[in-house]
Amino acid sequence: WPRTESSFVTADYVVFALMLLVSAAVGVYFAWADRGQRSSGDFLMGGRRLTALPVSLSLTASFMSAITVLSNPVEVYRYGASIGLYGLSYVMMVVVTSEVFLPVFYRLAVTSTYEYLELRFNRATRLLGTALFIVQTILYTGIVIYAPALALNHVTGMDLWGAVISTGLVCTFYCTMGGLKAVVWTDVFQLGVMLAGFLSVIIRSVVLQGGVFPIISDSEEGGRLNFWDFDTNPLKRHTFWTITVGGTFVWVSIYGINQAQVQRYISCKSLTHARVSLYINLLGLWSILLCSVFAGMCLYSVYKHCDPWTAGLVSAPDQLMPYLVMDILGDYPGLPGLFVAAAYSGSLSTVSSSINALAAVTVEDLIKPHTHMSEKHLAWTSKGLSLAYGALCIAMAGLASLMGGILQAAISIFGIIGGPLLGLFALGILCPIANSKGALSGLVSGLVVSLWVGIGAQVYPPPAELTRPLPLTTDGCNFTITGVSQHVFSSATRPVLADNWYSLSYLYFSPIGTITAVVSTAAVNHIKMLWTNNGCPLTLGFVLFPIEVMTRTGRLDLTKDREKEFGNTNPAFCDVELDLTRSSISHMK
């Protein structure tokens with residue numbers, strides 16, 4: 001110790017290149033297989049003929065990014081395995097999504113989730129939702145490409161911009177060539193690579209440490225198995241309640257309403273396939289979570305007496321996993337390459353989902369309503385947009401390199417924006433009396449409050465007694481340590497709000513946004529009803545939307561363009577739901 005500096009060898013580069021090559025080949029295959037596709041629906045939605053299994057694996061891979069591969073194990077190393085409780089929030093997320101959001105979006109056969117906002121509220125609400133999605137997704141994808149590249153470059157010596165540009169280009173290539181089908185099937189392959197990368201580290205660590213039980217024992221002695229902390233203090237970073245309650249809100253905002261996820265399960269060929277895909281996806285999420293938590297326990301077991309971060313061997317916590325890989329797998333050519341391929345597979349699956357989703361919302365929300373392009377032209381426009389957004393995401397990675405630490409705020413903002421949007425969709429579906437004025441004011445007020453607490457928390461990080469990092473030691477290091485990093489927060493000039501409001505657990509940012517949006521909308525609706533004294537509007541019931549919205553806009557033609565463009569009508573509808581518009585639909589046909 002410290003180990004002699006090792007870097008990638010030819011075998012590692014071959015494994016990494018092979019992962020990129022297979023991903024690109026999938027795009028070429030689907031471009032050839034679907035060369036006759038005539039519509040943007042075929043390109044963006046896979047013709048709505050996908051089955052449950054590939055969609056479920058794609059759902060899992062989409063938001064299990066390189067940040068998951070590199071950061072989750074470090075979270076366990078520094079704060080303990082309590083993040084394993086996300087397994088419970090995944091269950092609640094799948095139940096809520098499959099019973100509340102999935103039936104509505106599937107029955108409407110929308111391409112963009114924000115189409116629902118116009119049907120339910122008005123065009124302004126739809127455009128605001130679309131704009132928020134585009135901004136957060138472009139910001140997030142830049143970080144997802146750049147952050148792992150930086151961590152891996154520092155430890156493995158892999159060329160930083162070579163990796164960023166090659167992964168960005170391959171991702172853009174298969175998204176542009178193959179559309180949603182290519183994205184889904186590359187996700188399936190990339191999920192396999194992610195699991196293989198985790199398993200290579202876990203198996204080697206288990207062999208080195210003498211079995212699974214010594215690793216669990218080390219973790220227990222080090223206080224890492226801290227699952228059952230039922231403290232209700234909302235300022236504590238991770239407790240049973242912050243992870244199960246806050247985590248449920250975060251994951252429902254991703255799976256229930258995020259375009260990248262919704263686009264997948266509504267591309268299934270039936271409502272049953274869509275539901276099954278969500279439940280199979282639960283197994284995938286549990287598998288990745290289990291691997292990442294156990295990899296973190298392996299990380300602690302190996303470095304329990306000599307922490308590389310405190311000793312100054314790595315400059316940031318995100319570099320700990322690549323450091324471990326080079327340390328224990330450096331003598332096995334190809335295996336470090338497999339782990340790096342796993343990290344980049346996480347990046348590719350997230351970025352490809354984002355590119356496809358960005359193209360879909362741009363076509364459906366910003367282009368279609370204002371033009372009368374043929375379906376063939378729309379299909380080509382979708383491909384052009386995929387190319388443009390891919391280039392923009394690579395450019396954002398460049399911007400991330402210039403902005404440095406500021407962009408950590410953007411990751412939080414990604415979660416912060418989801419909360420108010422979740423409140424808006426939940427009100428639209430569950431509360432028939434919610435109106436467009438209330439919805440807009442609720443969305444804006446929810447955004448203001450969640451941005452306020454989120455940005456405040458970035459500027460004034462919570463003190464160590466609330467984040468509660470677990471002890472790490474360098475006592476067992478058999479080399480001289482110079483300039484040991486202390487990793488302390490400055491407590492100087494902290495405003496009054498910094499020790500309560502800004503110190504809230506980051507997992508509560510999303511619930512705060514959701515609750516603020518709901519309360520504001522309810523207040524505006526109540527004031528309006530008192531003002532007009534008209535009482536409740538007539539409603540069509542629990543799932544769809546007020547009749548007054550349907551009759552006022554005259555735009556609710558749920559069958560127009562569906563059958564011809566997408567190949568099969570949606571069997572989830574029944575005539576009872578459409579009684580009120582049956583005559584107008586017949587007339588339009």
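Here the structure is a predicted model, which means the values were calculated and not measured.

Student: Could you give me a rundown of the nonpolar core, with the residues and numbers involved?
Tutor: Counting 144 residues, the largest nonpolar core has Tyr 90, Phe 101, Phe 105, Trp 251 and Tyr 265 as its most contacted members. A per-element tally of this core places helix α8 (residues 160-209) first, with 17 residues. Core analysis: the second largest hydrophobic core is formed by nine residues, Leu 235, Val 449, Val 453 and Ala 457 among them.

Student: I'd like to hear about the pattern of salt bridges, residue by residue, with values.
Tutor: Where charged atoms from two side chains of opposite charge approach closely, those side chains can pair. This structure, assessed with the given rule, holds 11 salt bridges. When the shortest N-O distance is used, the salt bridge between Arg 468 and Asp 229 registers 3.0 Å. In this pair, Arg 468 is assigned in the loop between α18 (464-467) and α19 (509-532) and Asp 229 in the loop between α9 (212-221) and α10 (240-255), connecting sequence segments 239 residues apart. A relative accessible area of 28% means that Arg 468 is categorised as partly exposed. The class for Asp 229 is partly exposed, based on a relative accessible area of 21%. The closest approach of N and O atoms between Glu 375 and Lys 368, which form a salt bridge, is 3.9 Å. Take Lys 368: its relative accessible area is 25%, and that puts it in the partly exposed class. Through salt bridges with shared partners, a single ionic network connects Glu 118, Arg 123, Arg 126 and Asp 365.

Student: Go over unusual backbone geometry with me, naming the residues and quoting the values.
Tutor: For Ala 109, which is not glycine, the phi torsion reads 55° and is therefore positive. By the secondary structure assignment, Ala 109 is in the loop between α5 (86-108) and α6 (114-120). For Ala 109, a relative accessible area of 6% corresponds to the buried category. A positive phi is found at Arg 468, a non-glycine position, where the angle reads about 55°.

Parameters and conventions
Residues numbered from 1 in each chain as written. Predicted model: local features only at pLDDT ≥ 70, side-chain atom pairs only at ≥ 80, totals over all residues. Heavy atoms only, no water. Core = buried A, V, L, I, M, F, W, Y, C linked by side-chain atoms within 4.5 Å. Buried < 20%, exposed > 50% of the residue type's maximum accessible area, 1.4 Å probe, protein only. Helix = DSSP H or I, 4+ residues; strand = E, 2+ residues; numbered from the N terminus. Salt bridge = Lys/Arg side-chain N within 4 Å of Asp/Glu carboxyl O.

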